[in-house]
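What follows is each chain in one-letter form.
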Amino acid sequence: METELKHENYLQLELKYCERCGGLWLRQRGMQQVYCASCVPKMAEFCAPQRTISQPRLPVADRFEFM
Ligand SMILES: [Zn+2]
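Note that the structure is predicted; figures quoted are calculated from it, not measured.

Draft legend 1. Up close: the environment of Ala-37. By secondary structure assignment, the location of Ala-37 is in the loop between β2 (24-28) and α2 (40-52). For Ala-37, a relative accessible area of 64% corresponds to the exposed category. Taking the C-alpha atoms as reference points, Ala-37 and Trp-25, 12 residues apart in sequence, are found 8.2 Å from one another.

In C-alpha coordinates, the structure reads:
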(Lines give C-alpha, C1' and ligand atoms only; values in the text may rest on other atoms or scores of the structure.)
Protein backbone atom coordinates (compact mmCIF):
# COMPACT_ATOMS: atom_id res chain seq x y z
CA MET A 1 0.00 0.00 0.00
CA GLU A 2 2.85 2.35 0.78
CA THR A 3 4.33 1.77 -2.64
CA GLU A 4 1.01 2.67 -4.26
CA LEU A 5 0.84 5.93 -2.34
CA LYS A 6 4.35 6.77 -3.45
CA HIS A 7 3.28 6.28 -7.02
CA GLU A 8 0.26 8.54 -6.53
CA ASN A 9 2.44 11.28 -5.14
CA TYR A 10 4.68 11.26 -8.14
CA LEU A 11 4.94 14.78 -9.51
CA GLN A 12 2.96 15.10 -12.70
CA LEU A 13 3.84 17.89 -15.05
CA GLU A 14 2.04 19.14 -18.11
CA LEU A 15 3.14 21.47 -20.86
CA LYS A 16 1.50 24.86 -20.70
CA TYR A 17 1.76 27.99 -22.79
CA CYS A 18 2.33 31.08 -20.70
CA GLU A 19 -0.59 33.43 -21.27
CA ARG A 20 1.66 36.43 -20.91
CA CYS A 21 4.84 35.74 -22.88
CA GLY A 22 3.62 32.72 -24.85
CA GLY A 23 6.56 30.60 -23.78
CA LEU A 24 6.21 26.92 -23.03
CA TRP A 25 6.72 25.87 -19.45
CA LEU A 26 6.01 22.91 -17.23
CA ARG A 27 3.09 23.14 -14.87
CA GLN A 28 2.36 20.83 -12.02
CA ARG A 29 -0.84 18.96 -12.75
CA GLY A 30 -3.86 20.38 -10.96
CA MET A 31 -2.44 23.85 -10.61
CA GLN A 32 -4.40 26.82 -11.95
CA GLN A 33 -1.34 28.84 -12.78
CA VAL A 34 -1.37 30.24 -16.32
CA TYR A 35 1.92 32.14 -16.34
CA CYS A 36 5.46 30.84 -16.40
CA ALA A 37 7.73 31.24 -13.39
CA SER A 38 9.29 34.44 -14.72
CA CYS A 39 5.91 36.04 -15.47
CA VAL A 40 4.16 35.15 -12.22
CA PRO A 41 5.92 37.83 -10.11
CA LYS A 42 5.38 40.39 -12.86
CA MET A 43 1.70 39.63 -13.11
CA ALA A 44 1.38 39.65 -9.33
CA GLU A 45 2.76 43.17 -9.28
CA PHE A 46 0.59 44.13 -12.21
CA CYS A 47 -2.62 42.74 -10.76
CA ALA A 48 -2.14 43.92 -7.20
CA PRO A 49 -3.01 47.62 -7.80
CA GLN A 50 -6.03 46.64 -9.88
CA ARG A 51 -7.65 45.04 -6.89
CA THR A 52 -8.14 48.40 -5.25
CA ILE A 53 -9.91 49.72 -8.32
CA SER A 54 -13.38 48.25 -8.53
CA GLN A 55 -14.21 47.54 -12.12
CA PRO A 56 -17.02 44.99 -12.33
CA ARG A 57 -16.71 44.46 -16.08
CA LEU A 58 -13.13 43.83 -17.07
CA PRO A 59 -12.77 42.53 -20.63
CA VAL A 60 -9.80 40.52 -19.39
CA ALA A 61 -12.09 38.38 -17.26
CA ASP A 62 -13.19 36.31 -20.26
CA ARG A 63 -9.64 35.32 -21.03
CA PHE A 64 -9.34 33.42 -17.80
CA GLU A 65 -12.23 31.19 -18.80
CA PHE A 66 -10.19 30.11 -21.82
CA MET A 67 -8.28 27.38 -20.08
ZN1 LIG B 1 5.75 33.91 -19.31
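Draft legend 2. Representation of the pairing of strand β1 (residues 13-17) in the model. In this sheet, β2 lies alongside β1 in antiparallel orientation, the contact comprising 5 bridges. The residue bridging Leu-15 from the neighbouring strand is Leu-26, located in β2. Turn length for the β1-β2 hairpin, with the two strands adjacent in sequence and antiparallel, is 6 residues, and the turn residue Gly-22 shows positive phi of about 80°.

Draft legend 3. Broad picture of the coordination of the zinc ion. Bound to the zinc ion are the protein donor atoms Cys-18 (SG), Cys-21 (SG), Cys-36 (SG) and Cys-39 (SG), situated 2.3 to 2.4 Å from the metal. Geometry at the zinc ion is tetrahedral, judged from its 4 donor atoms and the angles of 103 to 115° they form at the metal. Along the chain, the residues donating to the zinc ion fall in the pattern C-x2-C-x14-C-x2-C. Linking Cys-18 in the loop between β1 and β2 with Cys-39 in the loop between β2 and α2, this pair joins segments that are 21 residues apart in sequence. Like Cys-18, the residue Cys-39 is buried in the burial classification.

Reading the values: the criteria
Residues numbered from 1 in each chain as written. Predicted model: local features only at pLDDT ≥ 70, side-chain atom pairs only at ≥ 80, totals over all residues. Heavy atoms only, no water. Helix = DSSP H or I, 4+ residues; strand = E, 2+ residues; numbered from the N terminus. Buried < 20%, exposed > 50% of the residue type's maximum accessible area, 1.4 Å probe, protein only. Pairing = 2+ DSSP bridges. Donors = N, O, S within 2.8 Å, 3.2 Å for Na, K, Ca; no water. Tetrahedral: all angles 85-135°; square planar, octahedral: opposite > 155°, others 65-115°.

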